[in-house]
Amino acid sequence: MCDSGNGKCPQGKWGKYCQNNCSQSCLDPLRCDVTSGYCSEGCVTGYIQPKCEQACGFGTWGINCSMSCSSHCGGDKSCDPVNGTCNSGCGDGYTRTQCDQECVAGSWGKHCQNNCSRHCIDISHCDVVRGTCTGGCVAGYIQPTCEQVCNVNTWGMNCSMSCSSSCGGDKSCDSVYGTCNSGCVDGYTGARCDQECAFGKWGTNCQNECSEHCLEPSRCTAKNGACMGGCNAGYIQPTCGQACGFGTWGINCSMSCSSHCRGDKSCDPVNGTCNSGCVDGYTGAQCDQEKFKSDENTEWSAISIGIGIGIGVVVTCVIFLLAAAVLYRRGMLSLRRKLSESEDKAGTETEINYLSDGNNTYNEVEDNKASDNLQPYDAINLGDIGIETSDYSNFKVVA
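Cut-offs used in this document
Residues numbered from 1 in each chain as written. Predicted model: local features only at pLDDT ≥ 70, side-chain atom pairs only at ≥ 80, totals over all residues. Heavy atoms only, no water. Helix = DSSP H or I, 4+ residues; strand = E, 2+ residues; numbered from the N terminus. Contact = heavy atoms within 4.5 Å. Areas by Shrake-Rupley, 256 points an atom, 1.4 Å probe, with all protein chains shown as cover. Core = buried A, V, L, I, M, F, W, Y, C linked by side-chain atoms within 4.5 Å. Buried < 20%, exposed > 50% of the residue type's maximum accessible area, 1.4 Å probe, protein only. Patch = residues over 30% accessible without salt bridge, like charges linked within 9 Å, V, L, I, M, F, W, Y side chains within 5 Å. Salt bridge = Lys/Arg side-chain N within 4 Å of Asp/Glu carboxyl O. Polar contact = N/O pair within 3.5 Å; in protein donor to acceptor, adjacent residues only side chain to side chain.

Colleague: Help me out: how do you make sense of the overall build of the protein chain in this one?
Modeller: Counting its regular elements, the protein chain contains one helix and 27 strands. In the protein chain, the share of contacts with a sequence separation of at least 24, taken over all contacts with a separation of at least 6, comes to 16%. Counting only carbon and sulfur atoms, one obtains 52% of the accessible surface of the protein chain, whose full area is about 24,100 Å².

Shown next as structure tokens:
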């Protein structure tokens, strides 16, 4: 129906017979092109030209659908065509109705409801979407969010260090400091079990000392204390702390006591000397030398020679004493004869006295002073004929 006055459609109408209403989504619903219905003032927010009858296309909104929905909208990324509110809320790391604001420092995730981990090196900076600590994790925690402790056998910043292979037990260690949870295996020490035992030490926590019986003093393996150069004579491997077993001796106890040892067949563990001597027929410290008959004959010959010499000495002494006795008797007989002859000839009484002046001699004394007639017999040394002077200090010869 046309305006009877001017032949045009009235306000809010358009078309050949003015039968169409201008769209309510026209910015001014009473003003649209009477021929095409084009909203002269444009469309309200959320609708698109020409007639403002069609809502904004997917992902757009606002006046003339000139705005795009936020890329941080969740779900299908759609939003209200009028105000741009994300239909499915925001994706992680963003907030507000149009999801156009990033989470504030220290927060992250859906609706920014999560706080950055306290194990972040900088707890105020983490990825707003995933919560990854921007500056990495403090020692003992692993990315991405630094909420998980290091995996077994790792430790340190970003869990980049491995527990020492010398850790005992399950080889695990403290995730922060690397201290071995079950101590060290034998031969190592230190909180992280990364120090081998010092020279001369071995065993758990290096608390043992190498044996003094090591052939090379203070040189033994840090793990089990085995002497590197072997043991001194008399001691057995591996640690050289134990003396040779019964019946053995020498370096590394490699020698056996002689079967010719007497008694319990034991011997000194160092030099093999038989503790109870040798059985019959053997000699030497280790009873390893057999006695031969020639040796026994030699021994008997030596004994026989000794006996013979002794007998010879005794016989000689007896003969000497017999000879002395004979000489003495003869001397006495001769003396008596001479004295008898002298008396008969001179008629004198002769008396022989022993003078004990240390010369052991007898002197002839004549009452008539006729000593010249006894000149050959005036001195007889009794010692020459084996007579002790003490026995004849008052000896007299009477004619």
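And the narrative resumes.
Colleague: Teacher, can you tell me more about the nonpolar core here?
Modeller: Inside soluble globular proteins, nonpolar side chains tend to come together where they are buried. Membership of the largest hydrophobic core is limited to eight residues, which are Trp-61, Cys-69, Cys-73, Cys-79, Cys-86, Cys-90, Tyr-94 and Cys-99. Leaving out residues up to four positions away in the same chain, Cys-69 has contacts with Gly-59, Thr-60, Trp-61, Lys-77, Ser-78 and Cys-79.

Colleague: I tried to follow a nonpolar patch on the surface on my own but got confused; where do I start?
Modeller: A grouping of Ile-307, Ile-311, Val-315 and Ile-319 is seen on the molecular surface, where their side chains present a nonpolar patch of about 370 Å² in accessible area. Here Ile-307 is to be found in helix H1 (residues 293-346).

Colleague: I'm lost on the side chain of Ser-266 in this one. Help?
Modeller: Topologically, Ser-266 is positioned in the loop between strand E22 (255-256) and strand E23 (282-283). A polar contact is formed between the side chain of Ser-266 and the side chain of Asp-264, at a distance of 2.7 Å. Of note is the side chain of Ser-266, whose polar atom sits 2.8 Å from the side chain of Asn-275. With residues up to four places along the chain from it excluded, the contact list for Ser-266 reads Phe-246, Cys-257, Cys-261, Cys-274 and Asn-275.

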